Structures are given as C-alpha cells and as structure tokens.
Amino acid sequence: MLNNVFIDIIMFRKELKFMKKGFTLAEVLITLGIIGVVAAMTMPTLINNINNKQNIAALKKAYSLISQAGVDVIRENGSLANLCEANDTDCVRDLFKGSLKVVKTCDKGAIEGNCWVHLNEWKRLNGDAAWSMESKAGVILNDGMFVLFGYRSPNCNFVDGIDGLMADVMECGDVSVDVNGFRGPNVMGKDIFFFYITENKLVPFGTEGTWTSTNRYYRCENGGDGEACAAEYISGVKPKFKN
C-alpha cells in the first residue's frame, strides 16, 4: 500500500515536470512570425468584407428611408409626377426633405465639396471617371449620408436607352446616395448607389426592366461600373467583385 503511494507521488512529479516544460525563444518567434504572415494576408480581405457588409446595410437603410419619404409625398400629392418643373432639382429635394432627418441642405450648383465629394474624389467600380453632380440638389442626413436628387421628366415618362436597347421602366428622375458621406472609398457599387424615381415608387438601379439591368457596362462585377449593384444587394446578392 505504502509502495503504491510512493509510486503515485513519483509519477505525479514526473508529470508536473513535463507540464512545466515551455517553448524555447526560437519556437515562440517562429510562431509569432507565422501568425504575422497569415494576418497580413487575411486582414485586408477581412476588413473589406466588414466594410462591404456595413455599406450594404446602410444602402438598405437608405432605400427604406427614401422610399418612405416618397410614400409620404405620394400620400400628400397623389403621385410623384407633375410636382416640379423639369430639372428643378431643388423642388424635388424639398418634397422628400420633409420626411428625412436632414442636417445640411445644398442647392443645385453648390453640391461638390458640400453635399458630395469633388469630381476627382469618386469613381466607377471599374476605375472609370465619374461625372459632375452639380445639376442635382441634395442633403446630408444626421448619420452623415449624402442624398442627391435629379429630375428630368415631370410627366415621369423618360425612358433610358440607346441603339434600340431600351428600358421598360419610365422615370421622373433619380436619387444618388453615398452611404458614408465624405469617408471612402467613394466608389460606385461599394458605398455609392442609385435609384430611379418613378411615378409611384423608388426603384433601385439594376432592377429588371431598367436600363442599368440591360446594359452590361453597368453590371455589378469586375469590369462593370457598379451602377447595377443597388438592386443586387437589396435582393440579397453578395458582392461579386474583387476588392
């Protein structure tokens, strides 16, 4: 019996001595080096994925807020048609503005640098140059989001198209959104998105039947300019482009 106790004590001390054995400095440094290399390879992708998810969530929020503002305008006026003169974007902005939490208002001709980034500070998904937003009127919401309004056809009968390839959706104007304001990347399809204003609702660019769904240049993937991304993300499609 006593011998068994001594044997157990000896075995316990051997196990304890083994457990106390640690890593050498070289082993620790090698392990840390491997962790550093893996982190350097995966962190950019991880950060981009997080940013994409945040921007898509902000896009859906913007769609909900602006759509509800449009519903409020329709409730008061019957439709979104014939409420302003053609190209009177200040008028259209003011129609929607009453239902949005606005902290800053910008008139037509005073947009870039105030309610939108400068022309050379934003671009298309494929890297192509963007266009001037000075013809639009806009607001900044209380979360920093930019919202711009365009208005081309008071009768809401403008049909986009070229070379016989025409859209089915007739529009009054459009809404441009930068979901995180002055913060980057300021790229269409990443944090900049677009909607059509039709007679009775807001329609995301890229929705079936719109010009941005029929022309492949606007597609939401590598090589496309990203205008069609809004419809895909709102419907639950994940980004298909490489960051």
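Not measured: the values here are computed from a predicted model.

Peer 1: What exactly am I supposed to notice about the overall build of the protein here?
Peer 2: If you tally the helices and strands in the protein, you get five helices and eight strands. Within the protein, the fraction of its 243 residues that count as buried is 39%. Expressed as a percentage of contacts within the protein between residues at least 6 apart in sequence, the contacts between residues at least 24 apart total 60%. Put simply, the protein shows about 13700 Å² of open surface, and 57% of that area lies on carbon and sulfur atoms.

Peer 1: Could you clarify how one ought to interpret helix α3 (residues 89-97) in this entry?
Peer 2: The periodicity of an α-helix, 3.6 residues per turn, causes residues three or four places apart in sequence to face the same way. Three or more residues of α3 are buried, namely Thr 89, Val 92, Arg 93 and Phe 96. In a view along the axis of α3, the buried residues occupy a sector of 100°, so they form one face of it.

Peer 1: What is the right way to read the layout of surface pockets from this model?
Peer 2: The gaps left among the atoms become clear once a water-sized probe is rolled over them. Considering only enclosed or pocket space, the largest pocket measures out at about 340 Å³ in volume. Of all the secondary-structure elements, those providing two or more residues to the lining of the largest pocket are β3 (146-151), β6 (173-178), β7 (192-197) and α4 (211-214). Class assignment for the residues of the lining of the largest pocket results in seven nonpolar, six polar and seven charged.

Peer 1: I'm lost on the pattern of salt bridges in this one. Help?
Peer 2: Any two side chains of opposite charge can pair, on the condition that their charged atoms come close. For the structure shown, the criterion picks out eleven salt bridges. Between Arg 93 and Asp 90 there is a salt bridge; the shortest N-O distance is 3.4 Å. Note that Arg 93 and Asp 90 are positioned in helix α3 at a spacing of three residues, about one turn of the helix. You can call Arg 93 buried: its relative accessible area is 4%. Among the salt bridges present, the one from Arg 124 reaches Asp 225, with a minimum N-O distance of 2.7 Å.

Peer 1: Help me understand the nonpolar core, please; the structure alone is not making it clear to me.
Peer 2: The nonpolar side chains of a soluble globular protein tend to be buried with one another. With 33 residues, the main nonpolar core has Ile 66, Phe 96, Val 147, Phe 149, Val 175, Val 177 and Ile 197 as its most contacted residues. Counting residues per element, the ones that place at least two in this core are α2 (25-77), α3, β2 (137-141), β3, β6, β7 and α5 (229-234). In terms of residues, this core owes the most to one element, α2, which gives eight residues. Excluding residues that lie within four positions of it along the chain, Ile 66 makes contacts with Phe 96, Leu 100, Val 147, Val 175, Val 177 and Leu 202. If you look at the next biggest cluster of nonpolar residues, it comprises 19 residues, including Trp 116, Leu 148, Trp 211 and Tyr 218.

Peer 1: Before we go on, may I ask you to explain the packing of aromatic side chains in this structure?
Peer 2: Pairs of aromatic rings are described using the distance from one ring centre to the other and the angle between the two planes. By the definition in use, this model includes twelve aromatic pairs. An angle of 70° between the planes, with centres 6.2 Å apart, marks the rings of Trp 211 and Tyr 218 as edge-to-face. In this pair, the class of Trp 211 matches that of Tyr 218, namely buried. Linked through ring pairs, Trp 116, Trp 122, Trp 131, Phe 146, Phe 182, Phe 194, Tyr 196 and Phe 205 together constitute an aromatic cluster.

Peer 1: Looking at this structure, I do not really get the side chain of Thr 198. What am I missing?
Peer 2: Mapped onto the fold, Thr 198 is located in the loop between β7 and β8 (202-204). Polar side-chain contacts of Thr 198 include one of 2.8 Å to the backbone oxygen of Lys 201. Not counting the four nearest positions on each side in its chain, Thr 198 is found in contact with Leu 80, Cys 156, Val 169, Met 170, Glu 171, Cys 172 and Val 203.

Peer 1: It is not clear to me how the sheet that holds β2 should be interpreted in this structure. Could you clarify?
Peer 2: Pairing between the strands of a sheet is mediated by backbone hydrogen bonds and can be parallel or antiparallel. Spatial ordering of the open sheet is given by β1-β2-β3-β6-β7-β8, a layout of six strands whose pairing is antiparallel. Looking at the sheet topology across the chains shown, the edges are occupied by β1 (102-106) and β8. The mean angle between the axes of side-by-side strands here comes to 25°, regardless of whether they run parallel or antiparallel. Pairing between β6 and β7: six bridges, direction antiparallel. Across the sheet, residue Val 175 finds its bridge partner in β7, namely Phe 195. Contacting β1, β2, β3 and β7, α3 crosses the sheet at an angle of about 130° to β3.

The rules behind the values
Residues numbered from 1 in each chain as written. Predicted model: local features only at pLDDT ≥ 70, side-chain atom pairs only at ≥ 80, totals over all residues. Heavy atoms only, no water. Helix = DSSP H or I, 4+ residues; strand = E, 2+ residues; numbered from the N terminus. Buried < 20%, exposed > 50% of the residue type's maximum accessible area, 1.4 Å probe, protein only. Contact = heavy atoms within 4.5 Å. Areas by Shrake-Rupley, 256 points an atom, 1.4 Å probe, with all protein chains shown as cover. Arc of directions from axis to C-beta. 1 Å grid on protein atoms, 1.4 Å probe; cavity = no way out; pocket = protein on both sides within 12 Å on 5 of 7 lines; lining within 4 Å. Points joined across faces, edges and corners; volume = space filled by probe spheres on them. Nonpolar A, V, L, I, M, F, W, Y, C, P; charged D, E, K, R; others polar. Salt bridge = Lys/Arg side-chain N within 4 Å of Asp/Glu carboxyl O. Core = buried A, V, L, I, M, F, W, Y, C linked by side-chain atoms within 4.5 Å. Phe/Tyr/Trp six-rings, centres within 6.5 Å; stacked < 30°, edge-to-face > 60°. Polar contact = N/O pair within 3.5 Å; in protein donor to acceptor, adjacent residues only side chain to side chain. Pairing = 2+ DSSP bridges. Axes fitted to C-alpha atoms, helices over the stretch in contact; angles between N-to-C directions.

By themselves, these observations are geometric and do not establish any function.
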